[in-house]
Amino acid sequence: MKYDTENANVMKRKKIVAGNWKMNLNYAEAMALTDAIAGRMNENQETEVIVSPPFLFLHEVASQLKDKAMISVAAQNCSDKNSGAFTGEVSPPMIASIGVDYVIIGHSERRKYFYEDNLLLAEKVKGALRNSLLPVYCCGETLEQRNSGKHVNVVKQQIEEGLFHLDKMQMEECVIAYEPVWAIGTGVNATPQQAQEMHAMIRKLISGKYGEKTAESISILYGGSVTPANAEELFNCKDVDGGLVGGASLKADDFLRIIDAMEKVLSRE
Ligand code: 13P
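Parameters and conventions
Per chain, residue numbering runs from 1 following the sequence as it is written. Residue-level local features of this predicted model are given only where pLDDT is at least 70; pairs of side-chain atoms are given and counted only at 80 or more, and the full residue set underlies all totals for whole chains, interfaces and linings. Based on all heavy atoms of the structure, the side-chain values leave hydrogens and waters out of the count. Helix and strand labels come from DSSP, where a helix needs a run of H or I of at least four residues and a strand needs a run of E of at least two; each type is numbered from the N terminus. Residue exposure (1.4 Å probe, protein chains only): buried if accessible area is under 20% of the type maximum, exposed if over 50%, otherwise partly exposed. We call two N or O atoms a polar contact when they sit within 3.5 Å, provided that within protein one can donate a hydrogen and the other can accept it, with sequence-adjacent residues counted only if both atoms are side-chain atoms. Working rule for contacts: check all heavy atoms of both residues, and any pair within 4.5 Å makes them a contact. We call a residue near a molecule or strand as soon as one heavy atom of that residue lies within 4 Å of the molecule or strand. Surface accessibility follows the Shrake-Rupley procedure with a 1.4 Å probe radius. Residue values consider only the protein chains on display as shielding. Two rings from Phe, Tyr or Trp (for Trp, the six-membered ring) form a pair when their centres sit within 6.5 Å of each other. Planes less than 30 degrees apart are called stacked, planes more than 60 degrees apart edge-to-face, and all others tilted. By definition here, charges over rings are those cases where NZ of Lys or CZ of Arg is within 6 Å of the ring centre and within 35 degrees of the ring normal. To obtain each axis, a line is fitted to C-alpha atoms, and for helices this fit is confined to the stretch in contact; angles are then taken between N-to-C directions over 0 to 180 degrees. Reported orientations rely on four angle classes, namely roughly parallel under 35 degrees, roughly antiparallel over 145, roughly perpendicular from 65 to 115, and oblique for the rest. Helix crossings fall into two classes, left-handed where the near helix is turned counterclockwise from the far one by less than a right angle and right-handed where it is turned clockwise. In the scheme used here, Gly and all other residues not listed as nonpolar or charged are polar, with Ala, Val, Leu, Ile, Met, Phe, Trp, Tyr, Cys and Pro taken as nonpolar and Asp, Glu, Lys and Arg as charged.

Asker: Looking at this structure, how should I read the side chain of Gln-76?
Answerer: Structurally, Gln-76 is set in the loop between strand E3 (71-75) and helix H3 (92-96). The buried category is assigned to Gln-76, whose relative accessible area is 19%. At 3.1 Å, the side chain of Gln-76 forms a polar contact with the backbone oxygen of Lys-22. A polar contact of 3.4 Å, which involves the side chain of Gln-76, links it to the backbone oxygen of Pro-53. Apart from the residues lying within four places of it in its own chain, the contact partners of Gln-76 are Asn-20, Trp-21, Lys-22, Met-23, Ser-52, Pro-53, Pro-54 and Ile-104.

As structure tokens, then:
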């Protein structure tokens with residue numbers, strides 16, 4: 001359900017549990033995982049589920065999930081260009097043409113290993129939106145940046161440079177994922193307090209630029225060692241609207257338990 005900014009008091013922002021499969025699973029495993037998740041989606045569920053397979057399997061996973069309610073598919077990356085001589089790249093119009101709804105942009109692994117900076121990511125965000133793909137824009141500081149007290153400014157800059165070229169309507173199409181680099185794949189998650197503090201800062205920043213209604217409409221996900229054991233307390237935080245899950249999204253049981261944790265939080269609201 002699209003958030004209605006005119007009725008901000010009556011409509012809730014989307015709660016999302018997204019699985020980022022990264023460069024894992026072979027074809028058979030990817031399809032088995034898709035089946036296992038799709039088969040256990042609950043028709044009454046309020047949580048929007050997103051799965052993000054590698055490019056090679058994207059078309060088939062998207063086809064498989066086409067008629068399923070409350071589950072969508074995301075690409076893990078896209079080119080900043082629409083077409084042309086860019087060997088190995090995949091463009092937003094290509095991704096949109098196979099029925100994919102979302103694209104993850106600016107994951108810290110793209111920033112670190114492929115040297116993607118905020119300005120390039122701003123172009124990718126623009127390209128995605130031009131093609132009706134909803135960006136899941138990632139931000140997050142390294143351990144060194146946190147330890148030296150720079151984490152807030154780093155994340156602020158990532159948001160400002162990557163997203164603040166958008167107009168209000170475009171901004172409302174975006175999902176943000178805060179993923180502290182030190183929590184990714186380490187088994188050490190941010191505490192609920194650390195996550196809440198950063199999410200509140202991000203929402204305040206958006207409010208300052210686009211107004212409170214826009215800020216209140218945007219889903220901000222937490223990512224970094226989310227597991228069935230810690231999901232509920234993270235999702236309980238006021239400004240944490242779900243999770244972007246890596247390792248635990250590769251096992252259907254774990255991923256489904258994380259979705260259940262969000263459903264439990266929602267049932268109390
Ligand atoms: P982990 O859940 O494996 O820490 O990965 C988080 C992540 O990077 C999701 O995009």
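Asker: I keep staring at the environment of Gln-76 and nothing clicks. Help me out?
Answerer: Through-space distance from the C-alpha of Gln-76 to that of Lys-15 is 20 Å; in sequence the pair is 61 residues apart. Within the structure, the side chain of Gln-76 is placed 3.0 Å from the backbone oxygen of Ser-52, a separation counted as a polar contact.

Asker: So what exactly am I meant to see when it comes to the site of the ligand here?
Answerer: Around the ligand there are 13 residues in total, and Lys-22, His-107, Gly-185, Ser-225 and Gly-247 lie nearest to it. At 2.9 Å, a side-chain N or O of Glu-179 approaches an oxygen atom of the ligand. Within the backbone of Gly-185, an N or O atom sits 2.6 Å from an oxygen atom of the ligand. When the ligand sits alone it has 300 Å² of accessible area, and the protein chains cover 94% of it.

Asker: Can you help me understand the packing of aromatic side chains in this one?
Answerer: All chains considered together, the criterion is met by three aromatic pairs. Judged by centre distance (6.0 Å) and plane angle (55°), the rings of Tyr-27 and Phe-57 are tilted. Of this pair, Tyr-27 sits in helix H1 (residues 27-38) while Phe-57 sits in helix H2 (residues 55-65); the two residues are 30 residues apart in sequence, bridging distant segments of the chain. Here the guanidinium or amino end of Arg-110 rests over the ring plane of Phe-114, the centre of that ring lying 3.9 Å away. Seen from the ring of Tyr-210, Lys-209 lies directly overhead, with NZ or CZ sitting 5.9 Å from the centre.

Asker: Looking at this structure, how should I read the packing of H1 against H2?
Answerer: A packed helix pair is summarised by two numbers, namely the angle formed by the two axes and the spacing between the axes. Put simply, H1 and H2 touch, their axes get as near as 11 Å, and they point 25° apart. As summarised for this structure, H1 and H2 are arranged roughly parallel, according to the angle between their axes. Relative to H2, the crossing made by H1 is right-handed. For the pair formed by H1 and H2, the contact residues are Tyr-27, Ala-30, Met-31, Thr-34, Asp-35 and Ala-38 on the first element and Phe-57, Glu-60, Val-61, Gln-64 and Leu-65 on the second. Residue composition of the contact of H1 with H2, grouped by class: seven nonpolar, two polar and two charged.

Asker: Quick question: what am I supposed to make of unusual backbone geometry here?
Answerer: Among all residues save glycine, negative phi is the norm, and among peptide bonds the norm is trans. Non-glycine residue Leu-25 carries a positive phi angle of around 75°. Among the structural elements, Leu-25 can be located in the loop between strand E1 (16-20) and H1. Phi angles above zero are rare outside glycine, and Met-70 is one such case at about 65°. Structurally, the position occupied by Met-70 is in the loop between H2 and E3.

Asker: So what exactly am I meant to see when it comes to the environment of Arg-13 here?
Answerer: With respect to the helices and strands, Arg-13 occurs in the segment before E1. Residues Arg-13 and Cys-174 lie 161 residues apart in sequence; the distance between their C-alpha atoms is 12 Å. Among the polar contacts listed, one links the side chain of Arg-13 to the backbone oxygen of Glu-216, at a separation of 2.9 Å. Separated by 3.3 Å, the side chain of Arg-13 and the backbone oxygen of Lys-238 make a polar contact.

Asker: Sorry if this is basic, but what is going on with the environment of Tyr-178 here?
Answerer: For Tyr-178, the position within the fold is in strand E6 (residues 175-178). Note: C-alpha distance between Tyr-178 and Ala-36 (142 residues apart in sequence) is 27 Å. When sequence neighbours within four positions are dropped, the list of residues in contact with Tyr-178 reads Cys-139, Gly-140, Glu-141, Arg-146, Val-155, Met-198, His-199, Ile-202, Leu-221, Tyr-222 and Gly-223. Here Arg-146 takes part through its side chain, which lies 3.3 Å from a polar atom of the side chain of Tyr-178.

Function cannot be read off these values alone, since they describe shape.
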